[in-house]
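Coordinate analysis (summary)
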Amino acid sequence: MKRSEYLSWEEYFMGVASLSAQRSKDPNTQVGACIVNDEKRIISIGYNGFPRGASDDTFPWEKEGGVVDTKYAYVVHAEANAILNARTTVSGSTVYVTLFPCHECTKLIIQSGIKEIVYASNKYKNTESHKAALKMLDAAGVKYRQMEFGEIIYVKNPK
Ligand SMILES: Nc1nc(=O)n([C@H]2C[C@H](O)[C@@H](COP(=O)(O)O)O2)cc1CO
Ligand SMILES: [Zn+2]
């Protein structure tokens, strides 16, 4: 008889997003995204980080300060990285993301033809960015739904 504890497709895709998030060097918020096509194939993954050439050791991970002194000026969001990392069209696909997309990523999601967002956390749901994101998603007819997902913590070298 087959194993009964195997991961569902959804748990698997969000699990891949969650593991990718753990590559992030952001000390405060780690985000992962996994883009899946209608054949249930993973076509891209990404996490939040600085662009190529911007060293994680010299560029700032600060949240506060002048524009050029905070991470916000530099960081590429997980969803943007996943869209840019794709080597085939993401049109018609679903993005699994550990945190609801911000309004900037929402624009990229809509314009790249992604049709559905499945998210785990929505910790910024009371922000203006979130309101703007919802407004655009509803206007574009992009679906979104939350998925119950207990965080998977990958432990390196468990004792
Ligand atoms: N959906 C998202 N994808 C992301 O990749 N991010 C990134 C940008 C920053 O590196 C970090 C948010 O930092 P903080 O303001 O929570 O310290 O997460 C943020 C969001 C939020 O909407
Ligand atoms: Zn974003």
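Counting starts from 1 at the beginning of each chain's written sequence and moves along it residue by residue. The order in which chains are written sets their letters, starting at A; the order in which ligands are written sets their numbers, starting at 1. Only residues with pLDDT of at least 70 get local features here, since the model is predicted, and only at 80 or more are side-chain atom pairs given and counted; chain-wide, interface and lining totals rely on the full set of residues. Hydrogens and water are ignored here; the side-chain numbers use all heavy atoms of the structure.

Going by what an unreviewed UniProt entry lists, the protein chain is known as Deoxycytidylate deaminase and is assigned to Haploplasma axanthum. What UniProt records for the protein chain under Cofactor (unreviewed entry) is the sentence "Zn(2+)". UniProt positions are given in the numbering used here, feature names are shortened, and annotations may be inferred rather than shown by experiment. The UniProt entry for the protein chain carries the following text under Sequence similarities (unreviewed entry): "Belongs to the cytidine and deoxycytidylate deaminase family."

With that settled, consider the packing of helix α2 (residues 78-85) against helix α3 (residues 103-112). Axis definition: a line fitted to C-alpha atoms, over the contacting stretch in the case of helices. Angles run 0 to 180 degrees between N-to-C directions. We count a stretch as a helix when DSSP gives it H or I for four or more residues in a row; a strand needs E for two or more, and each element gets its number in order from the N terminus. It is at 9 Å that the axes of α2 and α3 come closest, and there the two elements cross at 30°. Between α2 and α3, the interaxial angle falls into the category roughly parallel. Classified by chirality, the crossing of α3 by α2 is left-handed. Contacts from Glu79, Ala80 and Ile83 in α2 reach Cys105, Leu108, Ile109 and Ser112 in α3. Under the scheme applied here, ten amino acids are nonpolar (Ala, Val, Leu, Ile, Met, Phe, Trp, Tyr, Cys and Pro), four are charged (Asp, Glu, Lys and Arg), and all others, including Gly, are polar. Class assignment for the residues of the contact of α2 with α3 results in five nonpolar, one polar and one charged. Between 65 and 115 degrees an angle is taken as roughly perpendicular, under 35 as roughly parallel, over 145 as roughly antiparallel, and anywhere else as oblique. Crossing handedness: left-handed means the near helix sits turned counterclockwise from the far one by under a right angle, and right-handed means the same turn made clockwise. The criterion used for residue contact is that any of the two residues' heavy atoms lie within 4.5 Å.

Now for the site of ligand 1. For ligand 1, the set of nearby residues contains 17 residues, the closest of which are Asp26, Thr29, Lys71, Tyr72 and Tyr124. A distance of 2.9 Å separates an oxygen atom of ligand 1 from a polar atom in the side chain of Lys63. At 2.7 Å from a nitrogen atom of ligand 1 is found a side-chain nitrogen or oxygen belonging to Glu79. Only the protein chains shown count as cover for residues, and the accessible areas themselves come from Shrake-Rupley with a 1.4 Å probe. Here ligand 1, which alone exposes 500 Å², has 94% of that area covered by the protein. Residues that form the shell around ligand 1 fall into these classes: nine nonpolar, four polar and four charged. Being near a molecule or strand, for a residue, means having at least one of its heavy atoms within 4 Å of it. In protein, a polar contact means a hydrogen-donor-capable atom and an acceptor-capable atom, both N or O and within 3.5 Å, with residues adjacent in sequence counting only if both atoms are side-chain atoms; elsewhere, any N or O pair within 3.5 Å suffices.

Moving on, we get to the UniProt feature "domain: CMP/dCMP-type deaminase" (unreviewed entry) in the protein chain. As annotated in UniProt, the feature "domain: CMP/dCMP-type deaminase" (unreviewed entry) corresponds to residues 8-144 in the numbering used here. From the first C-alpha to the last, residues 8-144 spans 19 Å; its make-up is 32% helix and 18% strand.

Next up on the list: the coordination of the zinc ion (ligand 2). Binding of the zinc ion (ligand 2) to the protein goes through His77 (ND1), Cys102 (SG) and Cys105 (SG), at separations of 2.0 to 2.3 Å. Assessed through its relative accessible area of 32%, His77 is described here as partly exposed. Because no water is among the atoms considered, metal sites can look incomplete, with donors defined as N, O and S atoms within 2.8 Å of the metal, or 3.2 Å for Na, K and Ca. Accessible area is worked out with a 1.4 Å probe on protein chains only. A residue is then buried under 20% of its type maximum, exposed over 50%, and partly exposed in between.

So, on to α3. Along α3, the residues classified as buried are Cys105, Thr106, Ile109, Ile110 and Ser112. Packed against the buried residues of α3 are α2, β3 (94-99), β4 (116-121) and α4 (128-140). Immediately beyond the C-terminal end of α3, within one or two residues, lies Gly113, with a positive phi of roughly 90°.

So, on to the UniProt feature "active site" (unreviewed entry) in the protein chain. If you check UniProt for "active site" (unreviewed entry), the listed places come out as Glu79 in our numbering. In this view, Glu79 contacts Ala33, Val97, Leu99, Phe100, Pro101, Cys102, Cys105 and Ile109; residues no more than four positions away in its chain are not counted.

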